[in-house]
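# Chains, contacts and geometry: an overview
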Amino acid sequence: MIELIERLTESFGPAGSEGKIRALLCEEVEKLNHSYFVDTLGNLIVTAGNKNGKKILVAAHMDEIGLMVTYIDENGFLRFTNIGGVIKNTLLGTRVVFENGTLGVIGQEKIKEAKDLDFNKFYIDIGARDRNEALEVVGIGSPAVFYAPLSRRGNRIIAKSLDNHIGCAVLLEVLKRLPSSIPNEVFFAFTVQEEVGLRGGRTVSYRLEPDYGIAVDVTRVGDTPEPDYKMEVSLGKGPAIKIKDSSVICHPQVVQLMIEVAETNNIPYQLEVLEKGGTDAGAIHLTKDGVRSGALSIPCRYVHSPGEMVDLNDVENSVSLLLELLKKSW
Ligand SMILES: [Zn+2]
């Protein structure tokens, strides 16, 4: 699974430009015995299970946060805006890569006080000598993502875009292990544009009209040095069963079922209340007259930075929990 995670996280897929990451996911799905389709916005949907059973939508977003060029000056420096929740403090000195492989590093103008730091103080330097040389490889509107090869020590891995390529890897692994006969009809959706407002999840859910929705995504943790911030979730203590975040209050029936399945199968789990942040369940549960929804979260440190960290035990336990959940009658 680690090779797959490496290929996914080192791929390119900022919200709105998911072509490369989707091609990679399609390649993986092709190896399995399931039918799939891509919808108008670019969501990839794989179908499995019993057509007469309850319809369950399992969604993991394939897009990642990124940057987009807004202006190129005479000296060839690129000004940019954010795609999704980019954190300003992680930018200076960070390397970025464009879709055609062009690399750059982020520089910053001098500022008087920390509070003056804003996106308009940063620029990308691709080493171009002037505007024309820059325009040979990038243009206005060109998207970029962090450039960060995956590294591993024991069970812990560091990479960019574990949010949410680790969720995509979990879905693929569950698809691989899914028995041919299960009671439910399951749609595995690899969604687009989650990072800019849960957009792909909304159209997928509208089209499929599921009875239940489960988002698989990362969540923040409270086990790093942050004196003023308390959160229950820790790295390595199992997948988190979401109770609430800013986008959704999970349906008690779904939360209860997830807890039951974890306990019956001796899968470690944690309960998650995420004070700031959302996931595709936020869009799914508001479809038509409502969809009972929940979320399974993989604990992740430094979310939205170029160096996100997850524990592979949590990943494996997330696969087990989702698999057992889908094998059950709902
Ligand atoms: Zn996410």
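Structure shown above.
Presented here is a report on the structure given in the accompanying data block. (Residues numbered from 1 in each chain as written. Predicted model: local features only at pLDDT ≥ 70, side-chain atom pairs only at ≥ 80, totals over all residues. Heavy atoms only, no water.)

Taken together, the 8 strands give an open sheet; going across it, the order is β1-β2-β12-β3-β13-β16-β14-β15, and neighbouring strands pair in mixed fashion. The two strands at the open ends of the sheet, each matched to only one other strand, are β1 (35–38) and β15 (270–273). Between one strand and the next, the sheet's axes are offset by a mean angle of 25°, whatever the strand orientation. Here strand β3 (residues 55–61) pairs with strand β12 (residues 185–191) via 7 bridges, running parallel. By the bridge assignment, K55 is partnered in β12 with E185. Where helix α2 (residues 19–30) meets the sheet, it contacts β1, β2 (44–49) and β12, and its direction lies at approximately 20° from that of β2. Sheet strands in contact with helix α5 (residues 199–208) are β1, β2, β3 and β12, and its direction is about 155° off that of β12. (Pairing = 2+ DSSP bridges. Helix = DSSP H or I, 4+ residues; strand = E, 2+ residues; numbered from the N terminus. Axes fitted to C-alpha atoms, helices over the stretch in contact; angles between N-to-C directions. Contact = heavy atoms within 4.5 Å.)

Let's shift gears to the pairing of strand β4 (residues 66–72). In this sheet, strand β5 (residues 78–83) lies alongside β4 in antiparallel orientation, the contact comprising 6 bridges. Bridge pairing in β5 links I72 to L78. Here β4 hands over to β5 after 5 residues, with G76 in that stretch at a positive phi of 90°. Bridge count between β4 and strand β9 (residues 143–146): 2 bridges; the pairing is antiparallel. Looking at β9, one finds that M68 is bridged to P143.

Moving on, we get to the state of the cysteines. Evaluated as defined, the whole model comprises 0 disulfides. Left without a disulfide partner, C26 is nearest to the cysteine sulfur of C168, which lies 12 Å away. Residue classification places C26 among the buried residues on the basis of a relative accessible area of 14%. This cysteine, C250, is not joined by any disulfide, and C300 carries the nearest cysteine sulfur, 18 Å off. (Disulfide = S-S within 2.5 Å. Buried < 20%, exposed > 50% of the residue type's maximum accessible area, 1.4 Å probe, protein only.)

Turning to α5, a few remarks are in order. Inspection of α5 places G200, G201, V204, S205 and L208 among the buried residues, and these make up the whole buried set. One side of α5 carries all its buried residues, which in axial view fall inside an arc of 125°. Facing away from the buried surface of α5 by more than 90 degrees, the exposed residues are R202, Y206 and R207. Where α5 is buried, its residues contact β1, β2, β3, β12 and α7 (281–284). Where α5 terminates, the next one or two residues include E209, which has phi positive at roughly 45°. (Arc of directions from axis to C-beta.)

In this section: the coordination of the zinc ion. The protein atoms donating to the zinc ion are H61 (NE2), D163 (OD), D217 (OD) and D217 (OD), with metal-donor distances spanning 2.0 to 2.7 Å. If you look at the zinc ion, its 4 donor atoms make angles of 50 to 141° with each other, and the shape they trace is irregular. (Donors = N, O, S within 2.8 Å, 3.2 Å for Na, K, Ca; no water. Tetrahedral: all angles 85-135°; square planar, octahedral: opposite > 155°, others 65-115°.)

So, on to the sheet that holds strand β11 (residues 156–159). Spatial ordering of the open sheet is given by β10-β11-β17, a layout of 3 strands whose pairing is antiparallel. At either margin of the open sheet sits one strand with a lone partner, and together these are β10 (151–153) and β17 (308–311). For this sheet the average axis-to-axis angle between neighbouring strands, irrespective of direction, equals 20°. The pairing of β10 with β11 spans 3 bridges and is antiparallel. Residue pairing across strands places R153 opposite R156, the latter belonging to β11. In this fold helix α4 (residues 162–177) packs onto β11 and β17, with an angle of close to 30° to the strand it touches most, β17. Here helix α8 (residues 312–327) sits on the sheet and contacts β10, β11 and β17; the angle it forms with β17, its principal contact strand, is near 60°.

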